[in-house]
Amino acid sequence: MGASYDYFRAAGDQSARQAADPPGGPSATAASGLVETTWVEPTVRVGKLFARVTDRDWTPRAVALIQVSPDEPIGPDNWETPTVHRFDDVVRDALADVPLSDQDALGRWWAQTEEFVLDRAEPEQVRRLCVALLDLCRKAARHDESVYVWSSL
């Protein structure tokens, strides 16, 4: 059993908490722009996408994530608790600004990154996922919303 990561947009942290609160997280509430995954971890995989778009080297701190739920830090006593993190708007805006004409090539590049290759991910599935994440960021930016990720073991 692995982790699940659902990406969605919301008008603010309180709205994101409400969308992610019920059992099953944001997919149970049909959160705005929901992109469900079981294998796209935000720090490494989305971080590499962000690094590519911004022409930077990837580091574990490339993507700024702010924990919005639960209120207490995750530690040994609550490590199985579902969490919600907000992406810094710099990440949202960089991904939102990818031209439509470049998104397929970016998705094909992303499918060739080490993590997807080692997982034997289907390249076309990764490309479609890239397009969906870029679209989520575009819509969030257009509606002055933030992009969130809900994770659960």
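Keep in mind that this is a model prediction, so the values were computed, not measured.

Reading guide: rules and limits
- All residue numbers here refer to positions counted from 1 along the written sequence of the relevant chain.
- Totals for whole chains, interfaces and linings use all residues, but because this is a predicted model, local features are given only for residues with pLDDT of at least 70 and pairs of side-chain atoms are given and counted only at 80 or more.
- Side-chain descriptors were evaluated using all non-hydrogen atoms of the structure, hydrogens and water having been removed beforehand.
- Numbering of helices and strands starts at the N terminus; helices are DSSP runs of H or I of at least 4 residues and strands are runs of E of at least 2.
- The buried label applies to any residue whose accessible area, calculated with a 1.4 Å probe on protein chains only, is under 20% of its type's maximum; exposed applies above 50%, and partly exposed to all values in between.
- Any pair of residues with heavy atoms lying within 4.5 Å of one another is described as a contacting pair.
- His is not counted, nor are the chain ends; Lys and Arg add positive charge and Asp and Glu add negative charge.
- For charged residues, the charge sits on one atom: NZ in Lys, CZ in Arg, CG in Asp, CD in Glu.
- Here, a salt bridge means any side-chain nitrogen of Lys or Arg that lies within 4 Å of a carboxyl oxygen of Asp or Glu.

Each helix and strand in the protein was counted, giving seven helices and five strands. Reading the protein from its N end, one meets helices and strands in the order β-α-α-β-α-β-β-α-α-α-α-β. Reported as C-alpha extents along the three principal axes, the dimensions of the protein are approximately 40 × 35 × 25 Å. Every one of the 153 residues in the protein was classed for burial, and the buried ones make up 44%. Counted over contacts in the protein with a minimum sequence separation of 6, partners at least 24 positions apart contribute 67%. If the 16 positive side-chain charges of the protein are averaged to one point and the 25 negative ones to another, these points end up 6 Å apart.

Below, the discussion takes up the pattern of salt bridges. Summed over all chains, the structure comprises ten salt bridges. Two residues, Glu-145 and Arg-9, come together in a salt bridge whose shortest N-O distance is 2.4 Å. Of the two residues, Glu-145 is situated in the loop between helix H7 (123-142) and strand E5 (146-152) and Arg-9 in strand E1 (residues 4-10); the sequence distance between them amounts to 136 residues. The exposure class of Glu-145 is buried, given its relative accessible area of 13%. We note a salt bridge from Arg-86 to Asp-13, for which the minimum N-O separation is 2.8 Å. Of the two residues, Arg-86 sits in strand E4 (residues 83-87) while Asp-13 sits in helix H1 (residues 13-20), which places them 73 residues apart along the sequence. Beyond isolated ion pairs, a larger network of salt bridges with shared partners links Asp-104, Glu-124, Arg-127 and Arg-128.

Bear in mind that shape data such as this cannot, by itself, settle questions of function.
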